[in-house]
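As a plain string of letters, each chain reads:
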Amino acid sequence: MSYTVERVTDHVYALLRWDETWQSYNNSYLIQDREQFILIDAGKAEHAQELGEALAQVGCPLEAIGLFIATHGHRDHIGGALGLPNADKFIHPLDLDLLQDDWRAQFRTDLTASSVTRHFDVHHLGDHTWGSIALYHRASRILFVGDHYCFFGDELPDEQVVACAVRMGDLLEPYRPEMSGEEQRTTRYELAAFNQELSDIARIPAAFLCTGHGVVLHGDIQSFLQRGASMDDNEVLSYVMR
Ligand SMILES: O=c1ccn([C@@H]2O[C@@H]3COP(=O)(O)O[C@H]3[C@H]2O)c(=O)[nH]1
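Residues numbered from 1 in each chain as written. Predicted model: local features only at pLDDT ≥ 70, side-chain atom pairs only at ≥ 80, totals over all residues. Heavy atoms only, no water.

For the ligand, the full set of nearby residues is Trp22, His72, His74, Asp76, His77, His128, Asp147, Phe152, Met179 and His213. Asp76 is positioned such that a nitrogen or oxygen atom in its side chain is 2.4 Å from an oxygen atom of the ligand. Between the ligand and the protein, one listed contact pairs an oxygen atom with a side-chain N or O atom of His128 at 3.1 Å. Residues of the shell around the ligand, tallied by class, amount to three nonpolar, five polar and two charged. (Near = heavy atom within 4 Å. Polar contact = N/O pair within 3.5 Å; in protein donor to acceptor, adjacent residues only side chain to side chain. Nonpolar A, V, L, I, M, F, W, Y, C, P; charged D, E, K, R; others polar.)

Set out below in structure tokens:
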């Protein structure tokens, strides 16, 4: 099994696949709701079959996923969603352009639909990509932030998928505009805006932080995010240079 599957909390699983090509974990998350399964992010299209096997391992056939939400439109978060036959698929309208032409028709952009807001508070971030979002799943107190803040390329600490945010304080990641993969974004350096967005989501009473890549954090998520939001230019530079 090329996916690592781990329970985050009741009815929520993290599914991580180490991608040799990009040398990083790619994360997806499964939530078992009373009526349906919900998938957040779906990995690359070429890993879709393995994602299906990982989901089956926790009792979720692909047909049972009724709702899919992408944290943003990069292909390592979207590709696997194409194989979900019964899911209503959502993405922020500003990321629709990132999708292949023949994929766009499969996606809805009305994130204010009750099928989404019944479960999640949606926060537009717009940093990693123009349409990147954070999703707060109120029932589980999980904050999904996609790649706004993530551990791209990092190994799992002590091979643990879920780790304590306080103990992982030095896992802080710098602001990395180059991660956006889009020229428009990579040439902009907007640390102040990035920090403000982090500071805003740090107010959410989350007990878990689920990012687009790598370890899942639990515990004092507010302090962890606030600490990230307080990095100044010098500190960002020292992280980038290390
Ligand atoms: O070998 C690589 C590694 C990375 N990237 C880009 O960096 C981005 C990081 O965020 P993401 O995971 O949403 O998408 C990734 C891609 O856009 C790439 O194009 N080729």
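The next subject is helix H6 (residues 221-229). Buried residues of H6: Ile221, Phe224, Leu225, Gly228 and Ala229, and no others. The buried residues of H6 all sit within an arc of 135 degrees when viewed along its axis, so they share a single face. Packed against the buried residues of H6 are strand E10 (142-146), helix H5 (191-201), strand E12 (208-211) and strand E13 (216-218). (Buried < 20%, exposed > 50% of the residue type's maximum accessible area, 1.4 Å probe, protein only. Helix = DSSP H or I, 4+ residues; strand = E, 2+ residues; numbered from the N terminus. Arc of directions from axis to C-beta. Contact = heavy atoms within 4.5 Å.)

Among the eight residues that make up strand E2 (residues 12-19), six are buried, leaving the element largely enclosed by the rest of the structure. Relative to E2, strand E1 (residues 3-9) runs antiparallel, the two being bridged by six bridges. Paired with Val5 across the strands is Leu15, a residue of E2. Between E1 and E2, which pair antiparallel in sequence order, lie two residues; one of them, His11, sits at a positive phi of approximately 65 degrees. In this sheet, strand E3 (residues 24-32) lies alongside E2 in antiparallel orientation, the contact comprising eight bridges. Opposite Arg17, over in E3, you have Asn26 as the bridge partner. Counting the residues between successive antiparallel strands, the hairpin from E2 to E3 contains four residues, one of them, Gln23, with a positive phi of roughly 50 degrees. (Pairing = 2+ DSSP bridges.)

Once that is clear, we can look at the nonpolar core. In this structure, Ile69, Leu143 and Leu217 are the most contacted members of the largest nonpolar core, which totals 56 residues. Setting aside anything within four residues of it in sequence, one finds Leu143 in contact with Ala134, Leu135, Tyr136, Ile201, Ile204, Ala206, Phe208, Leu209, Cys210 and Leu225. (Core = buried A, V, L, I, M, F, W, Y, C linked by side-chain atoms within 4.5 Å.)

To continue, consider the layout of surface pockets. Empty space among the atoms becomes apparent when a probe as large as a water molecule is rolled across them. In this structure, the largest pocket encloses a volume near 330 Å³. As for the largest pocket, its lining consists of 15 residues, and the residues nearest its centre are Gln32, Asp33, Arg34, His137 and Ala139. Class assignment of the residues belonging to the lining of the largest pocket gives a composition of three nonpolar, six polar and six charged. (1 Å grid on protein atoms, 1.4 Å probe; cavity = no way out; pocket = protein on both sides within 12 Å on 5 of 7 lines; lining within 4 Å. Points joined across faces, edges and corners; volume = space filled by probe spheres on them.)

Either a parallel or an antiparallel arrangement is found when strands of a sheet pair, and the pairing is made through backbone hydrogen bonds. Within the open sheet, the seven strands sit side by side as E1-E2-E3-E4-E5-E6-E7. Their pairing is mixed. Of all the strands in the sheet, the pair left with one neighbour each is E1 and strand E7 (107-108). Relative to E7, strand E6 (residues 88-90) runs parallel, the two sharing two bridges. Each residue of the ladder has a partner; that of Phe90, found in E7, is Arg108.

A few words on the sheet that holds strand E9 (residues 133-137). The sheet built from six strands is open, its strands ordered E8-E9-E10-E12-E13-E11 with mixed pairing. What marks the edges here is a single partner per strand, and that holds for strand E8 (120-124) and strand E11 (162-164). This sheet shows a mean twist of 20 degrees between the axes of neighbouring strands, independent of strand direction. Of the strand pairs in this sheet, E12 and E13 are connected by two bridges, and their pairing is antiparallel. Directly across from Phe208, in E13, lies its bridge partner His218. The sheet contacts of H6 involve E10, E12 and E13, and relative to E12 the element is tilted by about 50 degrees. (Axes fitted to C-alpha atoms, helices over the stretch in contact; angles between N-to-C directions.)

With that settled, the discussion passes to the environment of Gly83. As for its position among the elements, Gly83 is in the loop between helix H2 (75-78) and E6. The class for Gly83 is partly exposed, based on a relative accessible area of 41%.

What follows deals with the pattern of salt bridges. Enumeration over the complete set of coordinates arrives at ten salt bridges. Among the salt bridges present, the one from Asp19 reaches Lys44, with a minimum N-O distance of 2.6 Å. Of the two residues, Asp19 is situated in strand E2 and Lys44 in the loop between strand E4 (37-40) and helix H1 (48-57); the sequence distance between them amounts to 25 residues. In this structure, Asp19 and Lys44 share a single accessibility class: buried. Linking Arg138 and Asp121 is a salt bridge whose minimum nitrogen-to-oxygen distance equals 2.6 Å. Taken together, the residues span a long stretch of sequence, with Arg138 in the loop between E9 and E10 and Asp121 in strand E8 at a distance of 17 residues. What you see here is one network of salt bridges that share partners, running through Asp88, Arg108 and Asp110. (Salt bridge = Lys/Arg side-chain N within 4 Å of Asp/Glu carboxyl O.)

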